[in-house]
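Working through the structure, step by step
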Amino acid sequence: MTSLRNSVVHHLASKDDTLKQVIAEVDWPEIISTQNVFHDLMSCVIEQQIHYRSTKKTVAKLLAKASIEELTVDNFEEFEEQALGDVKLSMRKYETVVEVIEFFQVHSPNWSGMSNVEVKETLGSIKGIGPWTIDMILLYTLERPDIFPAQDYHLRQVMEQLYSIDPKRITSEMKKVAKNWAPYQSFGVK
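Here we summarise the structure given alongside this text. (Residues numbered from 1 in each chain as written. Predicted model: local features only at pLDDT ≥ 70, side-chain atom pairs only at ≥ 80, totals over all residues. Heavy atoms only, no water.)

Quick look at the overall build of the protein chain
Defined as follows: Secondary structure elements are defined from DSSP: runs of H or I of at least 4 residues count as helices, runs of E of at least 2 residues count as strands, and each element is numbered from the N terminus. Using C-alpha atoms as the atom set, the radius of gyration is obtained and then compared with a globule rule of 2.2 Å times the number of residues to the power 0.38. Each residue's exposure class comes from its accessible area (1.4 Å probe, protein chains only) as a fraction of the maximum for that residue type: buried when under 20%, exposed when over 50%, partly exposed otherwise. Residue contacts are counted whenever heavy atoms from the two residues lie within 4.5 Å of one another. Calculation of accessible area relied on Shrake-Rupley with a 1.4 Å probe; when residues are assessed, cover is drawn exclusively from the protein chains displayed. His is not counted, nor are the chain ends; Lys and Arg add positive charge and Asp and Glu add negative charge. Where a charge lies is defined by one atom per residue type, namely NZ (Lys), CZ (Arg), CG (Asp) and CD (Glu).
Helix and strand content of the protein chain: 11 helices and zero strands. Seen in sequence order, the protein chain has helices and strands lined up from the N terminus as α-α-α-α-α-α-α-α-α-α-α. Relative to its length of 190 residues, the protein chain is compact, with a C-alpha radius of gyration of 18 Å against a globular reference of 16 Å. Taken over the C-alpha atoms alone, the protein chain extends approximately 50 × 35 × 30 Å along its principal axes. Counting all 190 residues of the protein chain, 41% fall into the buried class. Partitioning the contacts of the protein chain with sequence separation of at least 6, the portion at a separation of at least 24 is 59%. As displayed, the protein chain offers around 11500 Å² of accessible surface, 50% of which is attributable to carbon and sulfur atoms. Positive and negative charge centroids in the protein chain, built from 21 and 27 side chains respectively, lie 9 Å apart.

The following block contains the structure:
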């Protein structure tokens with residue numbers, strides 16, 4: 001991992017002076033992936049319902065209450081009975097939860113064997129799962145190295161400030177900056 005880290009840091013620092021300063025000031029993030037697409041999809045759907053300024057660890061608290069470490073299709077009913085009732089999901093979010101369950105009851109994709117495009121198409125076929133959620137799965141669950149979630153609210157705020165980007169052109173300008181990070185856009189984000 002040290003070799004990859006050194007390659008990524010060198011690449012990003014050589015391509016972007018602003019990011020070079022950030023890298024010098026921030027520790028390398030230690031992010032542990034669940035590698036569990038079902039669990040992380042459900043976490044995204046449930047957490048998106050909650051206002052960002054809340055403690056946000058809603059799913060972790062609900063899992064602890066249900067004495068479940070990681071969500072699966074098989075234990076979701078127990079999770080729902082033991083803990084999910086404490087969260088008031090909108091009808092739309094509840095429908096998305098049902099869609100995700102139904103998808104995984106029928107399909108068992110080999111996520112690691114799929115290209116980013118195939119993952120996007122597959123997850124995008126689930127009603128209620130949009131581009132931001134798919135990017136989060138690619139970025140954090142599947143740990144793909146070259147993902148740039150241009151629609152992420154907090155990333156937009158940070159990049160607008162760091163790069164003095166005009167809010168009216170934020171998406172195109174962010175993508176222009178991140179293009180220089182390829183093939184390690186994910187690391188520039190994390």
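Quick look at the pattern of salt bridges
How we decide: Salt bridges, as used here, are contacts in which a Lys or Arg side-chain nitrogen is within 4 Å of a carboxyl oxygen on Asp or Glu.
Summed over the entire model, instances satisfying the criterion amount to two salt bridges. A salt bridge links Glu-30 to Arg-5; the shortest N-O distance between them is 3.5 Å. Of this pair, Glu-30 sits in the loop between α2 (17-25) and α3 (37-48) while Arg-5 is found in helix α1 (residues 2-15), placing the two residues 25 residues apart along the sequence. Glu-173 serves as the salt-bridge partner of Arg-169, at 2.9 Å between the closest nitrogen and oxygen. With relative accessibility at 46%, the residue Arg-169 sits in the partly exposed group.

Overview of the environment of Lys-15
By the secondary structure assignment, Lys-15 is in helix α1. We classify Lys-15 as partly exposed; its relative accessible area is 46%. Residues Lys-15 and Ala-182 lie 167 residues apart in sequence; the distance between their C-alpha atoms is 9.4 Å.

Concerning the packing of helix α9 (residues 153-162) against helix α10 (residues 170-179)
The condition is simple: Lines are fitted to the C-alpha atoms to define the axes, a helix being fitted only along its stretch in contact, and any angle between axes, read from their N-to-C directions, falls within 0 to 180 degrees. Angles are sorted into four bins: roughly parallel if under 35 degrees, roughly antiparallel if over 145, roughly perpendicular if 65 to 115, and oblique for all others. Three residue categories are used. Nonpolar comprises Ala, Val, Leu, Ile, Met, Phe, Trp, Tyr, Cys and Pro, charged comprises Asp, Glu, Lys and Arg, and polar comprises the others, including Gly.
Packing of α9 against α10 leaves a shortest axis separation of 11 Å and a crossing angle of 75°. Accordingly, the angle class assigned to the pair α9 and α10 is roughly perpendicular. Each of Leu-155, Arg-156, Met-159 and Glu-160 in α9 lies in contact with α10, whose residues at this interface are Ile-170, Thr-171, Met-174 and Val-177. Grouping the constituent residues of the contact of α9 with α10 by class yields five nonpolar, one polar and two charged.

Any functional reading would require information beyond the geometric quantities listed.
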